[in-house]
Amino acid sequence: RTGTTFLHNLLRQDSRLRAPLHWELVEPIPAHGVPGGEAHIAAVQERLMHYTALLGGNRGKRGQAGAFDGIHPMDARMAEECIVTLAHEFASYLFSATYDVEGYTHWLLDRRSHGRAMRWHRRVLQYLQLRSRDLGHATSSGYGDVRWLLKTPQFTMQLDDIVLEYPDAIIIHT
């Protein structure tokens, strides 16, 4: 392990950076209610509890008994990895981390381009940024200076697609 979750949480202390929260990546727009409202976040948190229970069943198989929460704590209101939003486009290693889907993993690794998933990713971030602006959530340096702080190990296999979609990206590799 390289400490990327620790680094991600450390970097997000900078008021000029904005890391997407778990609920924003899982369900940026709820079927009912207000995005980010108490009912919305509670529903996402409940699904997250079911997901972490599912991961608990896989820990023994992977030899990580009791380790996952210490490595990558999850909560609906915490910063989360972009792997969650990429799942919306069926282009995420989240499925491989959760289930034994070797064929899917090979299919995903063999894809020449993840451009479609990265375009979806960009649209989600644009929506979140506009929504933050509408709600009056600015950083100390204003709205225009907000930079997204993104994280997922999956990005290391998609650098070409990231640079095409985000040409001004600054990439930190640990």
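Residues numbered from 1 in each chain as written. Predicted model: local features only at pLDDT ≥ 70, side-chain atom pairs only at ≥ 80, totals over all residues. Heavy atoms only, no water.

Caption draft 1: Geometry of the overall build of the chain. Helix and strand content of the chain: nine helices and two strands. Along the chain, helices and strands appear, N-terminal first, in the series α-β-α-α-α-α-α-α-α-β-α. Counting over 174 residues, the chain shows a buried share of 37%. Taking as baseline every contact in the chain between residues at least 6 positions apart, the subset at least 24 positions apart corresponds to 67%. Roughly 10400 Å² of accessible area belongs to the chain as shown, and the carbon and sulfur atoms make up 57% of that amount. (Helix = DSSP H or I, 4+ residues; strand = E, 2+ residues; numbered from the N terminus. Buried < 20%, exposed > 50% of the residue type's maximum accessible area, 1.4 Å probe, protein only. Contact = heavy atoms within 4.5 Å. Areas by Shrake-Rupley, 256 points an atom, 1.4 Å probe, with all protein chains shown as cover.)

Caption draft 2: Layout of the packing of aromatic side chains. Evaluation of the coordinates by the stated rule reveals five aromatic pairs. On the basis of an interplanar angle of 40° and a centroid distance of 5.4 Å, the ring pair of Phe-90 and Phe-95 is categorised as tilted. For the ring pair Phe-95 and Tyr-104, a centre distance of 5.5 Å and an interplane angle of 85° mean the geometry is edge-to-face. Residue Tyr-104 is classed as buried on the basis of its relative accessible area of 12%. Among the aromatic residues, those joined into a cluster by ring pairs are Phe-90, Phe-95, Tyr-104 and Trp-107. (Phe/Tyr/Trp six-rings, centres within 6.5 Å; stacked < 30°, edge-to-face > 60°.)

Caption draft 3: Examining the nonpolar core more closely. Of all hydrophobic cores here, the largest spans 19 residues; its most connected members are Ile-83, Leu-86, Leu-108, Met-118, Phe-155, Ile-162 and Tyr-166. The set of elements that each furnish at least two residues to this core consists of helix 5 (83–86), helix 7 (102–110) and helix 8 (115–134). Considering each element in turn, this core owes the most residues, five residues, to helix 8. Sequence-distant contacts of Leu-86, that is, excluding residues within four places in its chain, are made with Ala-91, Ser-92, Ala-117, Met-118, His-121, Gln-154, Phe-155 and Gln-158. In terms of nonpolar packing, the next biggest core, distinct from the first, is built from five residues, Leu-21, Trp-23, Ile-41 and Val-44 among them. (Core = buried A, V, L, I, M, F, W, Y, C linked by side-chain atoms within 4.5 Å.)

Caption draft 4: Focus on the confidence of the model for the chain. Averaged over all residues, the pLDDT of the chain is 84; the fraction at 70 or higher stands at 84%. For the chain, the element scoring lowest by mean pLDDT is helix 4 (residues 68–71), at 66; helix 2 (residues 22–26) scores highest, at 94. In this model, residues 58–65 is a region of pLDDT below 50 whose contacts with residues beyond four sequence positions or in other chains number 15 contacts. (pLDDT = per-residue confidence, 0-100.)

Caption draft 5: Spatial organisation of the environment of Asp-75. Assignment of secondary structure puts Asp-75 in the loop between helix 4 and helix 5. Looking at Asp-75, the relative accessible area reads 28%, which means it is partly exposed. Counting along the chain gives 30 residues from Asp-75 to Gln-45, while the straight-line C-alpha distance between them is 6.6 Å. Looking at Asp-75, its side chain comes within polar contact range of the main-chain nitrogen of Arg-77, at 3.0 Å. (Polar contact = N/O pair within 3.5 Å; in protein donor to acceptor, adjacent residues only side chain to side chain.)

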